[in-house]
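Architecture at a glance
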Amino acid sequence: MMLTTEEVAGRLGVKVDTVYAYVSRGVLHPRRDGGTRRSLFNAGEVEAVARRGRPRRGSRPMVLDLVVESGLTTIGDRGFRYRGRDVLILARTQSFEQVAHWLWTGQEPERCAPWPAYPITVPDLPQARDRLRAAVVLSSAAEPFRGDLAPSAVMGAARSLIASMVTAVSPSGHRSRAARLSLGRAAPLRDTIAGRLLARLGAGRPVPALVTTLNAALVAITDHELAPATLAARVAASVRADPFSVVLAGLGPMSGPLHGGASTLVHEMIADAMARGPHAAVSAAVHRHGSLPGFGHRLYPDGDPRAKLLLGMIRAARDDSRAVAAAQQLLHAARRHSGSAPNVDFALATLAAAAGMPAGAGETIFTIARTAGWIAHAIEEYAEPPVRFRARAVTRRG
């Protein structure tokens, strides 16, 4: 006997979005209903989950599983959505500022005023990662009401914090004038986060199409359910840490190469492909890292939709770029090597290489975008009972 998604939600006593979370973690295994996009579930498997209670452990060995109900992001049969709206459409039609406001409030502003930065001076540290952390700490010190956890206060602080992080990307280096952001037939937007960030990261005069592409990247990366850094940020919010401390909590997991920093490895692979060819670059990357960075995603076995969107926009913006050509060759070589599809880290690295950005630019873009998502989760968590997260430790045997 097979059950629909709605029937599964009713049997388990959870929301439909939670059923999708179980699927993404390998707890439930859907099957397609003929040629439709509808999923069906084996009644026996659902009953087993119902008997043992809400799952705490995924199907992959040594992976702890925690399910938190959230109204922010859904990844499932109906696509990738922020509060019910298709992210891939938002990425092409809305500014990053508008999408952040949508996630924070569930309300869409017609037009966002430029976000002001805090009056801080960030040290010109060698690593962009360290400058972003410094910007968070200095912004916290500059905000006299950082302990105010009311949604309006948190959102005001978040706008200035993100603007300050963009300013910290290149405090004393080359900066070109920020280009306007064009989205469809609407009048171009001045002084957007995407325009400012490209001016800080790019090697030359910003190309309008690249501003649009960077804005799409920011939108597509803003949130992705409970990724490791987001979970860390949410735990901090549960004990009522202020929004700046929530962001600092999220920055910890971002420092690893498996979450946020993978695009830097891909950027190096693209440079290697331009110098020695794609097959040599793939071979060297696998030998060096044990796997191919920028490929595969367990939530998207058929390919990361964010990567597909961004790579198409990058090719349209810089079809004459050597870096884009090398990235395309890498896709063919990787397909022969493992058959894996590119993920969003590959797309970020391609964008950085095509725009003449430094190798760590993808991580910078990822961090700034995800900061808005952490704030959305903080606002949601502040409305929940405090100190909800309390893991249990058991004595390890053997």
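Residues numbered from 1 in each chain as written. Predicted model: local features only at pLDDT ≥ 70, side-chain atom pairs only at ≥ 80, totals over all residues. Heavy atoms only, no water.

If you tally the helices and strands in the protein, you get 17 helices and six strands. By the compact-globule yardstick of 21 Å for 398 residues, the protein fits well, its C-alpha radius of gyration being 21 Å. The C-alpha extent of the protein, read off along each of the three principal axes, is 60 × 55 × 55 Å. Looking at the protein as a whole, 52% of its 398 residues are labelled buried. Here the contacts in the protein between residues at least 6 apart in sequence split such that 72% fall between residues at least 24 apart. (Helix = DSSP H or I, 4+ residues; strand = E, 2+ residues; numbered from the N terminus. Rg over C-alpha atoms; globule rule 2.2 N^0.38 Å. Buried < 20%, exposed > 50% of the residue type's maximum accessible area, 1.4 Å probe, protein only. Contact = heavy atoms within 4.5 Å.)

A few words now on the sheet that holds strand S3 (residues 39–42). Taken in spatial order, the three strands make up an open sheet running S1-S3-S2, and their pairing is antiparallel. A strand with exactly one partner marks an edge of an open sheet, and here the two such strands are strand S1 (2–4) and strand S2 (31–32). Relative to S3, S2 runs antiparallel, the two sharing two bridges. Its bridge partner being in S3, Arg 32 is matched across the sheet by Ser 39. Packing of helix H1 (residues 5–12) onto the sheet brings it into contact with S1 and S3, and relative to S1 it is tilted by some 90 degrees. (Pairing = 2+ DSSP bridges. Axes fitted to C-alpha atoms, helices over the stretch in contact; angles between N-to-C directions.)

With that settled, consider the side chain of Thr 350. If you trace the backbone, Thr 350 turns up in helix H16 (residues 344–354). Separated by 2.8 Å, the side chain of Thr 350 and the backbone oxygen of Phe 346 make a polar contact. With residues near it in sequence (within four places) discarded, Thr 350 still touches Ile 270, Leu 311, Ile 314 and Ala 327. (Polar contact = N/O pair within 3.5 Å; in protein donor to acceptor, adjacent residues only side chain to side chain.)

What follows covers the nonpolar core. If you look at the biggest cluster of nonpolar residues, it comprises 107 residues, and the most contacted ones within it are Tyr 82, Trp 104, Leu 197, Leu 218, Ile 270 and Ile 365. Of all the elements, helix H17 (residues 361–382) adds the most residues to this core, at 12 residues. The contact partners of Ile 270, leaving out residues within four places of it in the chain, are Ala 323, Ala 326, Ala 327, Leu 330, Ala 349, Thr 350 and Ala 353. Within the second largest apolar cluster, 13 residues are counted, among which are Val 8, Val 14, Val 19 and Ala 43. (Core = buried A, V, L, I, M, F, W, Y, C linked by side-chain atoms within 4.5 Å.)

Of all 10 residues in helix H5 (residues 96–105), nine are buried, a share of seventy percent or more. Restricting attention to buried positions, one finds in H5 the residues Phe 96, Glu 97, Gln 98, Val 99, Ala 100, His 101, Trp 102, Leu 103 and Trp 104. Directly after H5, the chain includes Gly 106, whose backbone phi takes a positive value near 80 degrees.

This brings us to the environment of Pro 30. Here Pro 30 shows up in the loop between helix H2 (16–24) and S2. Judged by its relative accessible area of 33%, Pro 30 falls in the partly exposed class. For the pair Pro 30 and Met 2, spaced 28 residues apart in the sequence, the C-alpha separation amounts to 9.7 Å. Once you skip the residues sitting within four places of it in the chain, Pro 30 turns out to touch Val 23, Ser 39, Leu 40 and Phe 41.

Along the chain, Thr 4 turns up in strand S1. Taking the relative accessible area as the measure of exposure, Thr 4 reaches 15% and is therefore buried.

The next thing to look at is the packing of aromatic side chains. Applying the stated criterion across every chain, the model contains five aromatic pairs. Measuring from centroid to centroid gives 5.6 Å for Phe 80 and Tyr 82, while their planes differ by 80 degrees, and the two rings are edge-to-face. Like Tyr 82, Phe 80 is buried. For the ring pair Tyr 118 and Phe 244, a centre distance of 6.2 Å and an interplane angle of 50 degrees mean the geometry is tilted. (Phe/Tyr/Trp six-rings, centres within 6.5 Å; stacked < 30°, edge-to-face > 60°.)

This part covers the packing of helix H12 (residues 262–276) against helix H13 (residues 278–289). Packing of H12 against H13 leaves a shortest axis separation of 7 Å and a crossing angle of 145 degrees. Judged by the sense of rotation from one axis to the other, the crossing of H12 with H13 is right-handed. Two secondary-structure elements touch here, H12 through Leu 265, Met 269, Asp 272, Ala 273 and Arg 276 and H13 through Pro 278, Ala 280, Ala 281, Ala 284, Ala 285 and His 289. Looking at the contact of H12 with H13 residue by residue, the class counts come to eight nonpolar, one polar and two charged. (Left-handed = near helix turned anticlockwise from the far one by under 90°. Nonpolar A, V, L, I, M, F, W, Y, C, P; charged D, E, K, R; others polar.)

Moving on: the pattern of salt bridges. Scanning all chains against the criterion turns up 12 salt bridges. A salt bridge links Asp 272 to Arg 276, with the shortest nitrogen-to-oxygen separation between them at 2.8 Å. Separated by four residues within a single helix, Asp 272 and Arg 276 lie in helix H12, roughly one turn from each other. Judged by its relative accessible area of 16%, Asp 272 falls in the buried class. For Arg 388, the salt bridge is made with Glu 381, and the minimal N-O distance between the two is 2.8 Å. According to the relative accessible area criterion, Glu 381 is buried, its value standing at 0%. Where salt bridges share partners, they join Arg 234, Glu 380, Glu 381, Glu 384 and Arg 388 into one cluster. (Salt bridge = Lys/Arg side-chain N within 4 Å of Asp/Glu carboxyl O.)

Once that is clear, we can look at the pairing of strand S5 (residues 79–82). Burial along S5 is one-sided: the face carrying Phe 80 and Tyr 82 is buried and the face carrying Gly 79 and Arg 81 is not. Here strand S4 (residues 73–76) pairs with S5 via four bridges, running antiparallel. Within S5, the residue paired with Thr 74 across the bridge is Arg 81. In this structure, S5 lies alongside strand S6 (residues 85–86), joined through two bridges in antiparallel fashion. When the bridges of S6 are listed, Arg 81 appears paired with Asp 86. What sits between the antiparallel neighbours S5 and S6 is a turn of two residues, in which Arg 83 has the positive phi angle 50 degrees.

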